[in-house]
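Residues per chain, in single letters:
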Amino acid sequence: MIWETNIQTSTASKSLLHVLSSNKVAKDNLVLVSTGRSIYAVSSIDGVISWRKDFTLDDLEIKQVIQSPENDIVSVVGVAGSSKLALYQLNAKSGEIVKDAQESLPGGLCGETVLGSHDVLIALDQTRSAIFVIEFKGLSLSYNKVRVSNFVQDLSGTVKLLPLMSNGIIALQSSCTVYLLKLKGMDGLEVIHSFDRPAAVSDALAITEKDEAFAVVQHVGSQIEFIVKVTSDLSNEVIREKVDIDQHRGSVQKVFLNNYVRTDKSHGFRALIVMEDHSILLVQQGAVVWSREDGLASIVDVMASELPVEKEGVSVANVEHNLFEWLKGHMLKLKGTLMLASADELAAIQSLRLRSSEKNKMTRDHNGFRKLLIILTKAGKVMALHTGDGRIIWSNFLPFLRASKSGEISSALRIYQWQVPHHRVMRENPSILVVGRSGGDSVSPGVLSILDSYSGEELNSQRFDHSVAQIIPLILKDSSEQRLHLIVDSNSLAHLYPRSPDALKSFIHERSNLYFYSVDIQENAIRGYSLQKSCDLNLEDEYCFSTKELWSIVFPSDAERIAISETRKLNEVVHTQAKISADQDVMYKYVSKNLVFVATVSPKAAGEIGSAAPEEASLVAYLIDAVTGRILHRVTHHGAQGPVHAVVSENWVVYHYFNLRAHRFEIAVIEIYDQSRADNKDVMKLILGKHNLSAPITSYSRPDVTVKSQSYFFTHSVKAMAVTQTAKGITSKQLLIGTIGDQVLALDKRFLDPRRSLNPTQQEKEEGIIPLTDSLPIIPQSYVTHSLQVEALRGIVAIPAKLESTTLVFTYGVDLFYTRLAPSRTYDSLTDEFSYALLLITIAALVAALVVTWVWSEKKELRDKWR
């Protein structure tokens, strides 16, 4: 990378990129970037912003940037509102406005525009039934409105303009047809060719001074057809090739054409194709040269799944390979040993060794290191990655998450464990649940799909007749080991899945003990609910339950805005509730899965760092019981603002924010303890059974809690936070912090102990309490990612292994990173550097010594008897 420039925009809008061409090689070509009603000129040499122009017309959105071939004038065309067209002429060197003009168009515009030529703009009207042909000469604007039905017969569905940048040729797409139109001046357009299947059209590519080529890619059965045409002769095709591709990629979204000169001086073409699942293919000479799964750069959710159990009596070769591949592998290894293998065969041997290595097997290992990472992408594709080498085991582009023919875009939400059969009854494979929406807004109907974890095969799918506002996985299971889930819609009605009598029976038995809460960012409130017997709106649906609001906390919008809410992970294991302090006192952790952490910031501090003065900014942290709505603890940080990142584990919360007064980031920790069990310190009470450790716990009894807290300066800004998890919860915790430098730092929880003091006593030192400092140390060896960077880091996932000392860490962003971490070192296993040979030699020497001494002892005893 030579340079990178970030442009801050106030409103979200579609950005356009235009590179000013120059005949002088040494001249600095400017890169024009337009977004909203602003345009920036960026130097192509060093990325410095040369000038910026903000247009004053309200609701203006720039649609096209046109360079004059005669002088240093750049024309900017934009649309204001729905009917006003604006034209500006700028000096390319300074960005000053030379001239400007505006014109109102009858019927309005939908916003789609393309260039028909260097002085003609084509735009769709608001109803998408007519096209405006707009000509601008100097600052005079003239237009002609032509109905699409005048030149396209039997039109069906809505139409849209495709960005075909070719002189005089425009591409128009309907629901199932792509039309190539020829511009006839201001008189209108005529159809010169049509494709009867959904297709994607590339931009035009200049191959000679007069000729331009463009590509059309369309689906034909299980293949895609790659067609290249030249603008001078549209009746003929330069290339028409059919390419076999994976069917789990969806439809073609975009095509980028590139040409090269063959040995016979003719033009050859290759195409870069972007598929619906966000994967990229390079197609050349009728084959896919390479492909990239760039959908992995937009991960929505991640979960881990176990691999199959290796069956006894069956060799690994029979499990993973067929007989032919097994024999072929051994022949390759033999040729490699005899140094007869070619370069390709050596590469195949290396690949075979990687696949057959211990960490890459497709079966479970004793320590639980080998797993499948099930990943859900933004495009709606589910993929399984092997933790050994990151290879894709299977992928499935879910049909219900693909864009519909009407253009409605679905959205993937979450992925959950659906069924985990008992390991002794392995007749069924484990399965996963994928939940999404069939539209872009929150009131769109929900959809679900159930997939086999081992193969990715879709076992079942269903479209809801209700929306999806909240998904609540329950700890309950039915007789077939399927996990119960509650899906709450926008009307606060809860729907039970799976919809089976067995699941309903299990749910009804525990319904009175089930509570949930919701966080409404828009209304700035938190509400708690219980479940009622049946839906008020639909009494016939026995799997639908109405909800009753039990409590609510509404924060005053003029003083506080909700910044973040966090709770404990459902699968977190707590080893012990008791904690022994330095003075041999017992403190009992307040361990509750109903504990919710909520952080609010003052409205003026809700923006970027520095947007508010220290006197105007404050951050308030709450610990709330989700069943009763009782606020267990509240602390205010004056002069603090977000962004706030937090993690909740066991009985403690750690959160990160910015201190405006100190001009530094801070990390605060809160630990909460249960004082109602403080009397359980007498050993005789434990022996006689007169303690209250076995007494039932209810959230409705007022808890007697005590809180310890402390805050520390921290060097880095934070992108994500997580905490390590182990199988039994015995190993000490480490905080996993994704820094602004796209690295992951493992920080020992002992540094975030609120009991740290300047001069710890001898007993506190023996307990492991570290002397107090004002800032947390950044130890270079503590970086989990070492010298690597996870570009655009967005999330960290910690997965427990079977080996108690080890946790598995997966970090995702544009890049993916996976590693194993041992917070307390590998105290329960031998290290990889352990010398097994020395151990065997030592054992053999001891056995030999035993034999020799036994022989000597026997001889000595015999001599003594003869005496």
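Here's what I pulled together on the structure shown here. (Residues numbered from 1 in each chain as written. Predicted model: local features only at pLDDT ≥ 70, side-chain atom pairs only at ≥ 80, totals over all residues. Heavy atoms only, no water.)

Take the overall build of the chain next. From N to C terminus, the chain includes 7 helices and 55 strands. Long-range pairs, those at least 24 residues apart, make up 49% of the contacts in the chain with a sequence separation of at least 6. With an accessible surface of roughly 44,800 Å², the chain has 52% of that area assigned to carbon and sulfur atoms. (Helix = DSSP H or I, 4+ residues; strand = E, 2+ residues; numbered from the N terminus. Contact = heavy atoms within 4.5 Å. Areas by Shrake-Rupley, 256 points an atom, 1.4 Å probe, with all protein chains shown as cover.)

Note: strand β44 (residues 618–625) against strand β45 (residues 631–638), 7 bridges, orientation antiparallel. In the strand pairing of β45, L619 is matched with H637. Connecting β44 to the antiparallel partner β45 that follows it, the hairpin turn spans 5 residues, and G629 within it adopts a positive phi of roughly 80°. (Pairing = 2+ DSSP bridges.)

Going through the model one piece at a time under the given rule, you end up with 24 salt bridges. Residue E523 pairs with R527 through a salt bridge whose shortest N-O separation is 3.0 Å. Taking relative accessible area as the criterion, E523 reaches 46% and is therefore assigned partly exposed. For K719, the salt bridge is made with D742, and the minimal N-O distance between the two is 2.6 Å. Of this pair, K719 sits in strand β50 (residues 718–723) while D742 sits in the loop between β51 (734–739) and β52 (744–748), placing them 23 residues apart in sequence. Taking relative accessible area as the criterion, K719 reaches 27% and is therefore assigned partly exposed. Via salt bridges that share partners, E225, K229, E237 and R240 belong to a single interconnected network. (Salt bridge = Lys/Arg side-chain N within 4 Å of Asp/Glu carboxyl O. Buried < 20%, exposed > 50% of the residue type's maximum accessible area, 1.4 Å probe, protein only.)

The strand order across the open sheet formed by 4 strands is β22-β23-β24-β25, and the pairing between neighbours is antiparallel. One side of each edge strand has no neighbouring strand; the edge strands of this open sheet are β22 (252–261) and β25 (287–292). Strand-to-strand twist across the sheet, computed as the mean angle between neighbouring axes with direction ignored, equals 20°. In this structure, strand β23 (residues 267–275) lies alongside strand β24 (residues 280–284), joined through 5 bridges in antiparallel fashion. When the bridges of β24 are listed, R270 appears paired with Q284. (Axes fitted to C-alpha atoms, helices over the stretch in contact; angles between N-to-C directions.)

Moving on, we come to the nonpolar core. Across soluble globular proteins, nonpolar side chains show a tendency to be buried alongside one another. In this structure, F226, V228, V252, F269 and I273 are the most contacted members of the largest nonpolar core, which totals 21 residues. Elements with a contribution of two residues or more to this core: β19 (212–220), β20 (223–230), β21 (239–244), β22, β23 and β24. With near-sequence residues (within four places) excluded, F269 lies in contact with I207, A213, F226, V228, V238, I239, L257, N258, N259, Y260 and Q284. Counting residues in each nonpolar core, the second largest holds 20 residues, with L623, A646, Y657 and I670 among its members. (Core = buried A, V, L, I, M, F, W, Y, C linked by side-chain atoms within 4.5 Å.)

Let's shift gears to the sheet that holds strand β8 (residues 97–104). Spatially, the 4 strands line up as an open sheet ordered β5-β6-β7-β8, and their pairing is antiparallel. Unpaired on one side and paired on the other, β5 (60–67) and β8 mark the two borders of the sheet. Each strand axis lies, on average, 20° off the axis of its neighbour in the sheet, ignoring direction. Summarising the sheet, strand β6 (residues 73–80) and strand β7 (residues 84–91) pair through 8 bridges and their orientation is antiparallel. Looking across to β7, one finds that V79 is bridged to L85.

The subject of this paragraph is the pairing of β25. The sheet contact formed by β24 and β25 spans 5 bridges and is antiparallel. Bridged to V283 within β25 is V288. Counting the residues in the hairpin turn of β24 and β25 gives 2 residues, including Q285, whose phi is positive at 55°.

All buried positions along helix α4 (residues 501–510) are accounted for by A503, L504 and F507. Projected onto a plane normal to the axis of α4, the buried residues spread over an arc of 100° and lie on a single side. Exposed side chains of α4 directed beyond 90 degrees from the buried face belong to P501, K505 and H509. At its buried positions, α4 is contacted by β34 (470–477), β35 (483–488), β36 (493–497), β38 (525–531) and β39 (544–554). (Arc of directions from axis to C-beta.)

To continue, consider a nonpolar patch on the surface. Where nonpolar side chains cluster on the molecular surface, the patch consists of L830, F834, Y836, L839, I843, V847 and V851 and spans about 630 Å² of accessible area. Positionally, V847 belongs in helix α7 (residues 836–866). According to the relative accessible area criterion, V847 is partly exposed, its value standing at 46%. (Patch = residues over 30% accessible without salt bridge, like charges linked within 9 Å, V, L, I, M, F, W, Y side chains within 5 Å.)

Before going further, it helps to spend a moment on the packing of aromatic side chains. Considering all chains together, one arrives at 9 aromatic pairs under this definition. Both rings, one in F507 and one in F545, keep their centres 4.8 Å apart while their planes meet at 55°; by these two values the pair is tilted. Residue F507 is found in helix α4, and its partner F545 is found in strand β39; the two are separated by 38 residues along the sequence. By relative accessible area, which is 0% here, F507 ends up buried. (Phe/Tyr/Trp six-rings, centres within 6.5 Å; stacked < 30°, edge-to-face > 60°.)

In this section: unusual backbone geometry. With an omega of 5°, the peptide bond running from Y497 to P498 counts as cis. For the peptide bond that leads from G642 to P643, omega is 5°, which places it in the cis range. Here P643 lies in strand β46 (residues 640–649). Of note, the phi angle at Q285 is positive, near 55°, even though the residue is not glycine. Structurally, Q285 can be placed in the loop between β24 and β25. When its relative accessible area of 60% is taken as the criterion, Q285 is described as exposed. If you check the backbone angles, S492 has positive phi at about 65° while not being a glycine. Tracing the chain through its elements places S492 in the loop between β35 and β36.

If you trace the backbone, E523 turns up in the loop between β37 (515–520) and β38. For the pair formed by E523 and R561, sequence separation is 38 residues and the distance between their alpha carbons is 9.5 Å. A polar contact is formed between the side chain of E523 and the side chain of R527, at a distance of 3.0 Å. (Polar contact = N/O pair within 3.5 Å; in protein donor to acceptor, adjacent residues only side chain to side chain.)

What follows is about the side chain of S202. Note on placement: S202 falls in the loop between β17 (199–201) and β18 (205–206). Here the side chain of S202 touches A215 through a polar contact of 2.8 Å, landing on its backbone nitrogen.

Moving on, we come to the environment of D815. The topology assignment puts D815 in the loop between β54 (807–812) and β55 (816–821). Taking the C-alpha atoms as reference, D815 lies 9.8 Å from D742; in sequence the two are 73 residues apart. There is a polar contact of 3.0 Å between the side chain of D815 and the backbone nitrogen of E791.

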